[in-house]
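Residue strings, one per chain:
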Amino acid sequence: MSEAVAAAVNQHTRRDPTELPPLTEHVDTDALDALFGRNTPGAPRVTGASLEFDYADFVVTVESVGRIEVRDSGR
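Residues numbered from 1 in each chain as written. Predicted model: local features only at pLDDT ≥ 70, side-chain atom pairs only at ≥ 80, totals over all residues. Heavy atoms only, no water.

A. Just the sheet that holds strand β1 (residues 50-55), in detail. Read from one edge of the open sheet, 3 strands run β1-β2-β3, paired in antiparallel fashion. Pairing within the sheet leaves two strands with one partner each, and these edge strands are β1 and β3 (68-72). Mean inter-strand twist for the sheet, computed between neighbouring axes without regard to direction, equals 15 degrees. Pairing geometry for strand β2 (residues 58-63) and β3, over 5 bridges, is antiparallel. For phenylalanine 58, the partnering residue across the bridge sits in β3 and is aspartate 72. On the sheet, helix α1 (residues 2-13) packs against β1, β2 and β3 and is oriented at approximately 40 degrees with respect to β3. (Pairing = 2+ DSSP bridges. Helix = DSSP H or I, 4+ residues; strand = E, 2+ residues; numbered from the N terminus. Axes fitted to C-alpha atoms, helices over the stretch in contact; angles between N-to-C directions. Contact = heavy atoms within 4.5 Å.)

B. Examining the nonpolar core more closely. Within the largest apolar cluster, 16 residues are counted, with the highest numbers of intra-cluster contacts made by Val5, Val9, Phe53, Tyr55, Val60 and Val62. Mapped onto this core, the elements with two or more residues apiece are α1, α2 (29-36), β1 and β2. Excluding residues that lie within four positions of it along the chain, valine 5 makes contacts with Leu23, Leu32, Phe53, Val60, Val62 and Ile68. (Core = buried A, V, L, I, M, F, W, Y, C linked by side-chain atoms within 4.5 Å. Buried < 20%, exposed > 50% of the residue type's maximum accessible area, 1.4 Å probe, protein only.)

C. Spotlight on the pattern of salt bridges. Counted under the stated rule, the structure contains 5 salt bridges. Here glutamate 63 ties to arginine 67 by a salt bridge, and the two come within 2.7 Å at their closest N and O atoms. A relative accessible area of 22% means that glutamate 63 is categorised as partly exposed. Given the relative accessible area of 42%, arginine 67 is considered partly exposed. Its salt-bridge partner being glutamate 69, residue arginine 67 comes within 3.5 Å of it at the nearest N-O pair. Here the salt bridges share partners, and the residues they tie into one network are Glu52, Glu63, Arg67, Glu69 and Arg71. (Salt bridge = Lys/Arg side-chain N within 4 Å of Asp/Glu carboxyl O.)

D. Structural detail: the pairing of β1. Pairing analysis gives 6 bridges linking β1 to β2, with the strands arranged antiparallel. Bridging across to β2, leucine 51 finds its partner in valine 62. Connecting the antiparallel pair β1 and β2 is a turn made up of 2 residues, with alanine 56 showing a positive phi of about 55 degrees.

E. Region of the structure containing the environment of leucine 35. Inspection of the secondary structure puts leucine 35 in helix α2. Judged by relative accessible area, leucine 35 falls into the partly exposed class, the value being 37%. A sequence separation of 15 residues divides leucine 35 from serine 50, and the C-alpha atoms of the two residues are 9.9 Å apart.

Below, the structure written as structure tokens:
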């Protein structure tokens, strides 16, 4: 899931990924993958859940159905 988040941010920003800080500085990517990842054997599966966090100048929302929303933080 963390790779999908990075791809969604890159698509939203249309910036080179190296211009953004590492995702790991803003969210625990292991936990994100464990909770929302589809390919993690034995991981808990959450339903009806979402996680929202700040990343660079954006707000990222990840939903248990796989939807990822990236929006400007408005700072």
